[in-house]
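# Architecture at a glance
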Amino acid sequence: DQQVKQNSPSLSVQEGRISILNCDYTNSMFDYFLWYKKYPAEGPTFLISISSIKDKNEDGRFTVFLNKSAKHLSLHIVPSQPGDSAVYFCAVNSGTYKYIFGTGTRLKVLA
Amino acid sequence: GAGVSQSPSNKVTEKGKDVELRCDPISGHTALYWYRQSLGQGLEFLIYFQGNSAPDKSGLPSDRFSAERTGGSVSTLTIQRTQQEDSAVYLCASSWTSDHNEQFFGPGTRLTVL
């Protein structure tokens, strides 16, 4: 029973275009959401987060959108760059110490 | 500054052997997590340490798995009598506290059980 789903295992985007990565969750009690990026042979690194009191958070080229009614989270990267090629994980938290991670989406940005 | 380090980076072992995986968290971080990532899967929570509190071991998949955190710093994950299904990347993460804090991950240990 997956509480956090990333239904697209992979995504290819042309350099300069927008990348949109999606994440769906099942529990409306989740109140904090994060995106991590992972390069091969490295651990995940924190990218951006959003709390449930907001519906958008922006940091440079990265914007996270939260649709609480749809229990849907998305990460927009614009413009996409080849260095953005990595696996992206969404993670959710319900105010405790436990984070639940999705299975990841492999983004490939084509030069 | 130093990040989270893990050793070894790669471990190949034979089925039935015991293995120990080590994690050095960022100095001052009180929360420490172990996760496992099997091929094609997300990060699976294994165990959580917070300061001197009793750890949450609810994610450990079997009693062959155990973990310690000595002196509130270094942690060791031990897998006894390894099985082929234990093959995965084992990731350690630490954070300042636990609530709504970004976790800093180590590079992981890739365990292969033959």
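Residues numbered from 1 in each chain as written. Chains lettered and ligands numbered in written order. Predicted model: local features only at pLDDT ≥ 70, side-chain atom pairs only at ≥ 80, totals over all residues. Heavy atoms only, no water.

### Quick notes on the sheet that holds strand β3 (residues 19-25) of chain A
Strand order across the open sheet formed by 5 strands is β1-β3-β8-β7-β6 (chain A), with antiparallel pairing between neighbours. Looking at strand neighbours, the two that pair on one side only are β1 (4-5) and β6 (56-59) of chain A, the edges of this open sheet. (Pairing = 2+ DSSP bridges. Helix = DSSP H or I, 4+ residues; strand = E, 2+ residues; numbered from the N terminus.)

### Quick word on unusual backbone geometry
A cis amide bond links A:V78 with the next residue in sequence, A:P79, at an omega value of -10°. In the segment running from B:S7 into B:P8, the intervening peptide bond is cis, with an omega of -10°. Here B:P8 shows up in the loop between β1 (5-7) and β2 (10-13). Notably, A:A41 is not glycine yet its phi reads approximately 65°, a positive angle. Residue class for A:A41 comes out exposed when judged on its relative accessible area of 71%. A positive phi angle is found at A:K71, which is not glycine, with a value near 50°. (Buried < 20%, exposed > 50% of the residue type's maximum accessible area, 1.4 Å probe, protein only.)

### Focus on the interface of chain A and chain B
Listed per partner, the contact involves 20 residues of chain A and 20 residues of chain B. When the two sides are added together, the surface that chain A and chain B hide from each other amounts to roughly 1,600 Å², 58% of it contributed by carbon and sulfur. If you sort the residues of chain A by the area they bury against chain B, A:Y97, A:Y99 and A:F101 come out on top, with a joint share of 36%. For the interface between chain A and chain B, the tally reads 1 salt bridge. As a salt-bridge pair, A:K98 and B:D56 come within 3.6 Å of each other at their nearest N and O atoms. Where chain A packs against chain B, one counts 5 residue pairs in polar contact (both at pLDDT 80 or more). A total of 4 residues in the side of chain A that touches chain B trace back to one element, the largest contributor, which is strand β4 (residues 32-38) of chain A. Residue composition of the side of chain A that touches chain B, by class: 10 nonpolar, 6 polar and 4 charged. (Contact = heavy atoms within 4.5 Å. Buried area = accessible area lost by both parts, 1.4 Å probe. Salt bridge = Lys/Arg side-chain N within 4 Å of Asp/Glu carboxyl O. Polar contact = N/O pair within 3.5 Å; in protein donor to acceptor, adjacent residues only side chain to side chain. Nonpolar A, V, L, I, M, F, W, Y, C, P; charged D, E, K, R; others polar.)

The values reported here are purely geometric and, on their own, carry no functional implication.
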